[in-house]
Amino acid sequence: MIQELVFLVISLFVIAGAAGVVFAQRLFHAVLSLALCLLSVAAVYITLGAEFLAVIQVLVYAGGVVVLFLFAVMLTRSDLQLRREPLESFAPVSAVLFGVLVLFYIARTGFVPQGERALAPGDVASVGQVIFSPKAYALPFELVGILLLAAMVGAIYLARRDERW
Amino acid sequence: MSVSEAYLTVGIFVLVGVLFPAVTIFVASLLRRPAKPEPGKYLTYECSVLPFTDARIQHNVEYYMYALLFVLFDVETVFLYPWAMTYRSFGILATAEVIVFIGILALGLVYAWKKGALEWMKGWR
């Protein structure tokens, strides 16, 4: 009972944030609504017992990606930051199509709420135990480091200001 | 105690954090002076030089470079956090693994430094 109540309250925040992203007149407000939406999704992960996922959600999405979006908005000309048309004309069509798709898959899979116990332990310490256990994921872990390095070099190269580099 | 119950404290903290400014602003609105709007009052500096552009200027690309690097080191933190929670149980091997990982990413920082991505405002535009 109390779990459903908590879920409903958090869902309201998720939906409010998502609606704010779509309907906000200023792009800056849309990004702030996105932050609210992403933080509320992190709260959903917490109620499912997926603590590590929630940490990633807050650190990377609500933290890093939203900061990236905010800076991208700050880089655009200020007269482009106002939304002239609230919605594109084909937006309702795509919304209805997406809704039908989601309902179709929910009906197909027999959607049943699993609750917290059905999931593997998702707290940060258990994830660390899996990642860093000897000889388990040492090579993939370092490969992730190289992938991040490649992303970093690529980002610096693409965002450079002048052609002298 | 399950994970979600342990986060009840966080929930209460968030609730207080949201309510505190809301209540403060509401109480302040009860105590404020009577509202007499006038265009001069809405200027950025009421008693100074008149503003001649919009305050929302186009910002420099340097901000975006910092944001890009921040996201990447943010992802690095995601991997360091579980290590910090468990390094006692694995000892030197996992620590060496993480030091190599940080070393690889430090190369990225060296690259950014060399390319001048961290330099601010090379000449005023």
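Heads up: the structure comes first, above all this text.
All figures in this text were calculated on a predicted structure; none of them were measured in a lab.

A.B. asks: Account for the overall build of chain B, with residues named and values stated.
C.D. replies: From N to C terminus, chain B includes 4 helices and 0 strands. For chain B, the succession of helices and strands along the chain, N to C, is α-α-α-α. On C-alpha atoms alone, chain B measures out to a radius of gyration of 25 Å, which is more than a quarter above the 14 Å that the 2.2 N^0.38 rule sets for 125 residues. Reported as C-alpha extents along the three principal axes, the dimensions of chain B are approximately 70 × 55 × 15 Å. Within chain B, the proportion of its 125 residues that are buried is 21%. Relative to all contacts within chain B whose residues are 6 or more apart in sequence, the contacts with residues 24 or more apart total 58%. Carbon and sulfur atoms form 71% of the exposed surface of chain B, whose accessible area is close to 9500 Å². Between the centroid of the 10 positive side chains of chain B and the centroid of its 9 negative side chains there is a distance of 9 Å.

A.B. asks: Requested: an account of a positive patch on the surface, with residues and values cited.
C.D. replies: There is a patch of like positive charges on the surface, built from R32(B), R33(B), K36(B) and K41(B). Here R33(B) lies in the loop between α2 (8–31) and α3 (61–90).

A.B. asks: Run through the interface of chain B and chain A, naming residues and quoting values.
C.D. replies: Across the boundary between the two partners, chain B contributes 53 residues, which contact 52 residues of chain A. Looking at the side of chain B facing chain A, the largest losses of area belong to L72(B), F90(B) and E97(B), adding up to 12% of the total buried there. Run the count over chain B and chain A and you get 0 salt bridges. In this assembly, chain B and chain A are joined by 2 residue pairs in polar contact (both at pLDDT 80 or more). At the level of secondary structure, the elements contributing two or more residues to the side of chain B that touches chain A comprise α1 (3–6), α3 and α4 (92–114) of chain B. Tallying contributions element by element places α3(B) first for the side of chain B that touches chain A, with 25 residues. Residues of the side of chain B that touches chain A, tallied by class, amount to 34 nonpolar, 10 polar and 9 charged.

A.B. asks: Pulling in residues and values, what's your account of the packing of helix α1 (residues 2–23) of chain A against helix α2 (residues 27–47) of chain A?
C.D. replies: Residue and element names in this part refer to chain A. Interhelical geometry of α1 versus α2 gives an angle of 155° and a closest axis separation of 7 Å. Between α1 and α2, the interaxial angle falls into the category roughly antiparallel. You can see that α1 and α2 cross each other, and the crossing is left-handed. Listed contacts from α2 to V6, F7, I10, F13, V14, G17, A18, G20 and V21 of α1 are A30, S33, L34, L36, C37, S40, V41, A43, V44 and T47. Broken down by class, the residue content of the contact of α1 with α2 amounts to 14 nonpolar, 5 polar and no charged.

A.B. asks: Got a sec to walk through the packing of helix α3 (residues 51–75) of chain A against α3(B)? Specific residues and values, please.
C.D. replies: Pairs of packed helices are described in terms of their axes, by the angle between the two and the distance that separates them. Following both chains from N to C, one finds α3(A) and α3(B) inclined at 175°, their axes separated by 9 Å at the closest point. When the axis of α3(A) is compared with that of α3(B), the two are roughly antiparallel. Of the residues contributing to the contact of α3(A) with α3(B), the split by class is 22 nonpolar, 3 polar and 1 charged.

A.B. asks: Just give me the short version of the nonpolar core, but keep the residues and values in it.
C.D. replies: Of all hydrophobic cores here, the largest spans 32 residues; its most connected members are F52(A), F132(A), F141(A), M152(A), I156(A) and F101(B). Of all elements in the fold, only α3, α5 (124–131) and α6 (138–158) of chain A together with α3 and α4 of chain B reach the threshold of two or more residues within this core. Looking at this core, the element that brings in the most residues is α3(B), giving 10 residues. Grouped together as the second largest cluster of nonpolar side chains are 8 residues, A62(A), V66(A), L70(A) and V73(A) included.

A.B. asks: Describe the side chain of S33(A), listing the residues and the values that go with them.
C.D. replies: Here S33(A) lies in helix α2. Not counting residues within four places of it along the chain, the set of residues in contact with S33(A) comprises G17(A), G20(A) and V21(A).

A.B. asks: Mind laying out a nonpolar patch on the surface, listing which residues take part and the relevant values?
C.D. replies: Together, F98(A), L101(A), V102(A), L103(A), F104(A), Y105(A) and I106(A) give the surface a local cluster of nonpolar side chains, amounting to about 700 Å² of exposed area. Its place among the elements puts F104(A) in helix α4 (residues 91–109).

A.B. asks: Before we move on, can you summarise the side chain of Q57(A) with the specific residues and values?
C.D. replies: With respect to the helices and strands, the residue Q57(A) is situated in helix α3. In this structure Q57(A) touches L38(A), V41(A), A42(A), Y45(A) and A62(A), once residues within four positions along its chain are discounted.

A.B. asks: Describe the packing of aromatic side chains, with residues and values.
C.D. replies: Tallied over the entire structure, the rule returns 6 aromatic pairs over all chains. Both rings, one in F104(A) and one in Y105(A), keep their centres 5.4 Å apart while their planes meet at 75°; by these two values the pair is edge-to-face. Exposure remark for F104(A): the relative accessible area of 44% places this residue in the partly exposed category. Residue Y105(A) is classed as partly exposed on the basis of its relative accessible area of 48%. Aromatic ring contacts, followed pair by pair, group F132(A), F141(A), F79(B) and F101(B) into a single cluster.

Conventions we followed
Residues numbered from 1 in each chain as written. Chains lettered and ligands numbered in written order. Predicted model: local features only at pLDDT ≥ 70, side-chain atom pairs only at ≥ 80, totals over all residues. Heavy atoms only, no water. Helix = DSSP H or I, 4+ residues; strand = E, 2+ residues; numbered from the N terminus. Rg over C-alpha atoms; globule rule 2.2 N^0.38 Å. Buried < 20%, exposed > 50% of the residue type's maximum accessible area, 1.4 Å probe, protein only. Contact = heavy atoms within 4.5 Å. Areas by Shrake-Rupley, 256 points an atom, 1.4 Å probe, with all protein chains shown as cover. Lys, Arg positive; Asp, Glu negative; His and termini not counted. Charge placed at Lys NZ, Arg CZ, Asp CG, Glu CD. Patch = residues over 30% accessible without salt bridge, like charges linked within 9 Å, V, L, I, M, F, W, Y side chains within 5 Å. Salt bridge = Lys/Arg side-chain N within 4 Å of Asp/Glu carboxyl O. Buried area = accessible area lost by both parts, 1.4 Å probe. Polar contact = N/O pair within 3.5 Å; in protein donor to acceptor, adjacent residues only side chain to side chain. Nonpolar A, V, L, I, M, F, W, Y, C, P; charged D, E, K, R; others polar. Axes fitted to C-alpha atoms, helices over the stretch in contact; angles between N-to-C directions. Parallel < 35°, antiparallel > 145°, perpendicular 65-115°, else oblique. Left-handed = near helix turned anticlockwise from the far one by under 90°. Core = buried A, V, L, I, M, F, W, Y, C linked by side-chain atoms within 4.5 Å. Phe/Tyr/Trp six-rings, centres within 6.5 Å; stacked < 30°, edge-to-face > 60°.

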